[in-house]
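# Close look at the chain arrangement
Listed here are the chains, written in short residue letters.
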Amino acid sequence: FLTIYAANYPSALLSAGLFWVQDRLTDLFTWLHAPAWLHGALVLGVYRVLAWVVSVMLPPMAIFFPLFTLLEDAGYLPRVAFMMDGCFRAAGGSGRQSLTMCMGFGCNACGVTGCRIIDSPRERLVAILTNAFVPCNGRFPTLIALISLFFLGGSLGFGRSLLATALFLGCILFAVAMTLLASRLLTATVLRGQLSAFSLELPPYRMPRVGQVLVRSLLDRTLFVLGRAVTVAAPAGLLIWILGSISVHGGSLLTVLAGALDGPGRLMGLDGMVLLAFLLGFPANEIVLPVLLMGYLQTGSLTDYGSLAELSAVLTANGWTAETAVCMLVLCLLHFPCGTTCLTILHETGSARWTALAAALPTAMGAAVCMVIHGVWTLLG
């Protein structure tokens, strides 16, 4: 509740402040008589994407990681690892993997670095390669928006909240099941080996050291992830602006690329613009939906929706149905890690090959599940 709902308030304030700066930068470029392409590339491209990523990513992480670290410091989380070991051993992993998955709900990059707590190199690698199956907080807004638009029907009041909660929980359980399946596939193929013995000294319950926890979680996790996200988001912002602004054959490069991806998209029950939005959302999952709206509305820069009704109107006008929403939910849960997580996987494993596998595995499973859903949906009419 605190991570998803309460973070909306500081996020809105931070967004207002950063986009106020964007307006002042626009005034500055106008005063300097700078060419329109320079203003577009630097302000509407690089700065706008950076502001979007920071305002959406920072508040949830700044709330989630201190709370998560408080549970860790209080002695609760080691007991979770102990209780979950039997389940994860059946999938070829370690009970400690459950903790790295929980950390992945805040940010998959932090979940990957958290895999250092797993002693066995093989089981640590399994946890690293499958962490992106767990949806980070950057994917939560998209999941919640799609559930609210397409699957709640005419339910009202408490019943609506209860149904939304059940559907969201279903998405999380599906992600956990796919994580265990992927772990089993890896340990039965490329990461075969003997299971390690699970030894864990359970610390006593104690009052957490709040000051130390705040410093450690904010510096070691929140700012660490944000720094890497900014590094990836800046060049991506320039690329997104170029694709949305340069015209080719009467349409933008964005439209042309979406058209090229339309064939594979239709096989998955989606369209080319959705696939392109996921590809351009590589810097951060938070911008997938804004890129999709940018493509549908042809605005030339990232676009937000004012309300769910506006979002519904745009999606419906572009041919979305309940099937499209289901496939979008699946692909939101099962696709390649964001750029920050990929950089972290590369750093932790020291191998481009393992990083490529970490990106290919969830993407392949997501595409396969979407094609199955589309096939069944078509057969059932």
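Since the structure is predicted, the reported quantities are computational estimates derived from the model, not experimental observations.

### Details of the nonpolar core
Counting 95 residues, the largest nonpolar core has Leu292 and Met328 as the members making the most contacts within it. Per element, the largest residue contribution to this core is 13 residues, and it comes from helix α3 (residues 36–73). With residues up to four places along the chain from it excluded, the contact list for Met328 reads Thr142, Leu146, Leu270, Val274, Phe278, Val288, Leu292 and Trp320. Listed in part, the five residues of the second largest apolar core include Phe88, Ala91, Met101 and Val134.

### Looking at helix α13 (residues 272–280)
Burial analysis of α13 places eight of its nine residues in the buried class, the great majority of the element. When α13 is considered as a whole, its buried residues turn out to be Gly272, Met273, Val274, Leu275, Leu276, Ala277, Phe278 and Leu280. Summarising the contacts, the buried residues of α13 are in contact with α10 (210–245), α11 (253–260), α12 (262–267), α14 (288–297) and α16 (322–333). With a side-chain oxygen lying 3.0 Å from the backbone nitrogen of Met273, the N-terminal cap of α13 falls on Asp271.

### Some words on the confidence of the model for the protein
With 97% of its residues at a pLDDT of 70 or more, the protein shows a mean pLDDT of 88. Within the protein, the element-level pLDDT minimum falls on strand β2 (residues 251–252), averaging 80, and the maximum on helix α18 (residues 352–379), averaging 95.

### Describing the pattern of salt bridges
Evaluation of the coordinates by the stated rule reveals seven salt bridges. In this structure, Arg96 engages Asp119 in a salt bridge whose closest nitrogen and oxygen atoms are separated by 3.9 Å. Linking Arg96 in the loop between α4 (77–90) and α5 (97–104) with Asp119 in the loop between α6 (108–114) and α7 (121–130), this pair joins segments that are 23 residues apart in sequence. Look at Asp119 and you get exposed, because its relative accessible area is 56%.

### Section: the side chain of Ser183
Along the chain, Ser183 turns up in helix α9 (residues 157–188). By relative accessible area, which is 1% here, Ser183 ends up buried. For Ser183, the side chain forms a polar contact with the side chain of Gln97, separated by 3.3 Å. Look past the residues within four positions of Ser183 in its chain and what remains in contact with it is Ala91, Gln97, Val126 and Thr130.

### Observations concerning unusual backbone geometry
One non-glycine residue, His33, adopts positive backbone phi at about 55°. Examined against the element boundaries, His33 turns out to sit in the loop between α2 (8–31) and α3. The phi torsion at Gln298 lies on the positive side, around 55°, for a residue other than glycine. Within the secondary structure layout, Gln298 lies in the loop between α14 and α15 (308–317).

### A few points about the packing of aromatic side chains
One pass over the structure, following the stated rule, counts ten aromatic pairs. A ring pair is formed by Phe1 and Tyr5, whose centres lie 5.1 Å apart and whose planes are at 25°; its orientation type is stacked. By the ring-pair criterion, three or more aromatic residues cluster together here, those being Phe1, Tyr5 and Tyr9. Geometry around Trp354 places Arg353 over its ring, the cationic atom sitting 4.8 Å from the centre.

### Some words on the packing of α3 against α5
Packing of α3 against α5 brings their axes to within 10 Å, and their N-to-C directions diverge by 155°. The orientation of α3 relative to α5 falls into the category roughly antiparallel. In this structure, α3 uses Phe64, Phe65 and Phe68 to contact α5, whose residues at the interface are Leu99, Cys102 and Met103. Taken together, the residues that form the contact of α3 with α5 break down as six nonpolar, no polar and no charged.

### Digging into the state of the cysteines
Applying the stated rule across the entire model yields zero disulfides. Distance from the sulfur of Cys102, which forms no disulfide, to the nearest cysteine sulfur (Cys115) is 12 Å. Owing to a relative accessible area of 28%, Cys102 belongs among the partly exposed residues under this scheme. Cys338 carries a free sulfur, and the closest cysteine sulfur to it, the one in Cys107, is 5.9 Å from it.

Basis of the calculations
Residues numbered from 1 in each chain as written. Predicted model: local features only at pLDDT ≥ 70, side-chain atom pairs only at ≥ 80, totals over all residues. Heavy atoms only, no water. Core = buried A, V, L, I, M, F, W, Y, C linked by side-chain atoms within 4.5 Å. Buried < 20%, exposed > 50% of the residue type's maximum accessible area, 1.4 Å probe, protein only. Helix = DSSP H or I, 4+ residues; strand = E, 2+ residues; numbered from the N terminus. Contact = heavy atoms within 4.5 Å. Polar contact = N/O pair within 3.5 Å; in protein donor to acceptor, adjacent residues only side chain to side chain. pLDDT = per-residue confidence, 0-100. Salt bridge = Lys/Arg side-chain N within 4 Å of Asp/Glu carboxyl O. Phe/Tyr/Trp six-rings, centres within 6.5 Å; stacked < 30°, edge-to-face > 60°. Lys NZ or Arg CZ within 6 Å of the ring centre and 35° of its normal. Axes fitted to C-alpha atoms, helices over the stretch in contact; angles between N-to-C directions. Parallel < 35°, antiparallel > 145°, perpendicular 65-115°, else oblique. Nonpolar A, V, L, I, M, F, W, Y, C, P; charged D, E, K, R; others polar. Disulfide = S-S within 2.5 Å.

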